[in-house]
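Overview (structure and organization)
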Amino acid sequence: MGVPQVNFALDTYECIVIYPGAAGRALPPETVQRLQAEHAEHMQALQRRGIVLVAGSVDGPAREPDPPIGFGLARTGSVDDVRSVLEADPAVQAGLYRVEVLTFLCPAGSLEFPLVKAGS
């Protein structure tokens, strides 16, 4: 598909989509709780490091069987780098979650991340 041909500047981000993992249903509830806490810590650390700009949960009707459960944006210039740090997430490694990282393009200057600015 590639970059759309438009007559205005585009900003490029890495779009993070988190889905339920294959092992999630088989894990004991206490393991799921621990992994969810470790996942939250991992994502917060990535935000503090400036890798992830924003991330959070999503809920509501979506495609089945595995609708996305989380979404985020990063801006490193490398889908592979973002995928690599997300695959190091303990919850991803344990199979509770799986991640996809895609390129997201939008009109330049249309997004701001005040929490990132406040933390820098």
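Data block above holds the structure.
The shown structure was predicted, so the numbers you read here are calculated from the model rather than taken from an experiment.

What to know about the overall build of the protein chain
Regarding its fold elements, the protein chain presents 4 helices and 4 strands. The N-to-C order of helical and strand elements in the protein chain reads β-α-β-β-α-α-β-α. Principal-axis analysis of the C-alpha atoms gives the protein chain an extent of 50 × 35 × 25 Å. Taking all 120 residues of the protein chain together, the buried fraction comes to 32%. In the protein chain, the share of contacts with a sequence separation of at least 24, taken over all contacts with a separation of at least 6, comes to 73%.

Observations regarding the packing of aromatic side chains
Enumeration over the complete set of coordinates arrives at 2 aromatic pairs. The interplanar angle of 45 degrees and the centroid separation of 6.4 Å between the aromatic rings of Tyr13 and Phe104 together place this pair among those described as tilted. Of this pair, Tyr13 sits in strand S1 (residues 10-20) while Phe104 is found in strand S4 (residues 97-107), placing the two residues 91 residues apart along the sequence. A residue is classified by how much of its surface remains accessible, and Tyr13, at 2% relative accessible area, is buried. The exposure class of Phe104 is partly exposed, given its relative accessible area of 30%. Among the aromatic side chains, those forming a connected cluster through ring pairs are Tyr13, Phe104 and Phe113. Lying across the ring of Tyr13, Arg75 places its NZ or CZ 4.8 Å from the centre. A cation over an aromatic ring shows up here: Arg98 above the ring of Tyr19, its NZ or CZ 4.3 Å from the ring centre.

Considerations on the nonpolar core
Ile16, Leu46, Val52, Val82, Leu86, Leu96 and Tyr97 are the most contacted members of the largest nonpolar core, which totals 18 residues. Listed by contribution, the elements that provide at least two residues to this core are S1, helix H1 (29-48), helix H2 (79-87), helix H3 (90-93) and S4. Among the elements that take part in this core, H1 stands out by supplying 4 residues, more than any other. Those residues in contact with Val82, other than ones at most four positions away along the chain, are Glu14, Ile16, Ala74, Thr76 and Val101. Tyr13, Val17, Leu73 and Phe113 belong to the second-largest nonpolar core, a separate cluster that totals 8 residues.

Brief notes about the sheet that holds strand S3 (residues 70-74)
Reading across from one edge, S2-S3-S1-S4 is the order of the 4 strands in this open sheet, with antiparallel pairing throughout. The open sheet has two edge strands with one neighbour each: strand S2 (52-57) and S4. Direction aside, the axes of adjacent strands within the sheet are offset by 20 degrees on average. Pairing of S1 with S3, which is carried by 5 bridges, proceeds in the antiparallel orientation. Counterpart to Ile18 in the pairing with S3 is Gly70. Sheet contacts for H2: S1, S3 and S4; angle to S4, the most-contacted strand, approximately 150 degrees.

Parameters at a glance
- The residue numbering used here restarts from 1 in each chain and proceeds along that chain's sequence as written.
- pLDDT decides what is reported in this predicted model: residues at 70 or higher carry local features, side-chain atom pairs at 80 or more are listed and counted, and totals for whole chains, interfaces and linings draw on all residues regardless.
- To obtain the side-chain values, all non-hydrogen atoms of the structure were included, while hydrogens and water were left out.
- Only DSSP runs of H or I reaching four residues or more are called helices, and only runs of E reaching two or more are called strands; each is numbered from the N terminus.
- Each residue is placed in one exposure class: buried if its accessible area under a 1.4 Å probe, protein chains only, is under 20% of its type's maximum, exposed if it is over 50%, and partly exposed if it falls in between.
- By definition in these notes, contact holds between two residues if any of their heavy atoms fall within 4.5 Å.
- Aromatic pairs are defined between Phe, Tyr and Trp rings, using the six-membered ring for Trp, whenever the two ring centres lie within 6.5 Å; interplanar angles under 30 degrees are classed as stacked, those over 60 as edge-to-face, and all others as tilted.
- Each ring is checked for a lysine NZ or an arginine CZ that lies within 6 Å of its centre and within 35 degrees of its normal; such an atom marks a charge sitting over the ring.
- We define the nonpolar core as a collection of buried residues of types Ala, Val, Leu, Ile, Met, Phe, Trp, Tyr and Cys that are connected through side-chain atoms lying within 4.5 Å of one another.
- At least two DSSP bridges between two strands are needed for those strands to be called paired.
- For every element, the axis is a line fit to its C-alpha atoms; helices are fit only across the contacting stretch, and the angle between N-to-C directions ranges from 0 to 180 degrees.

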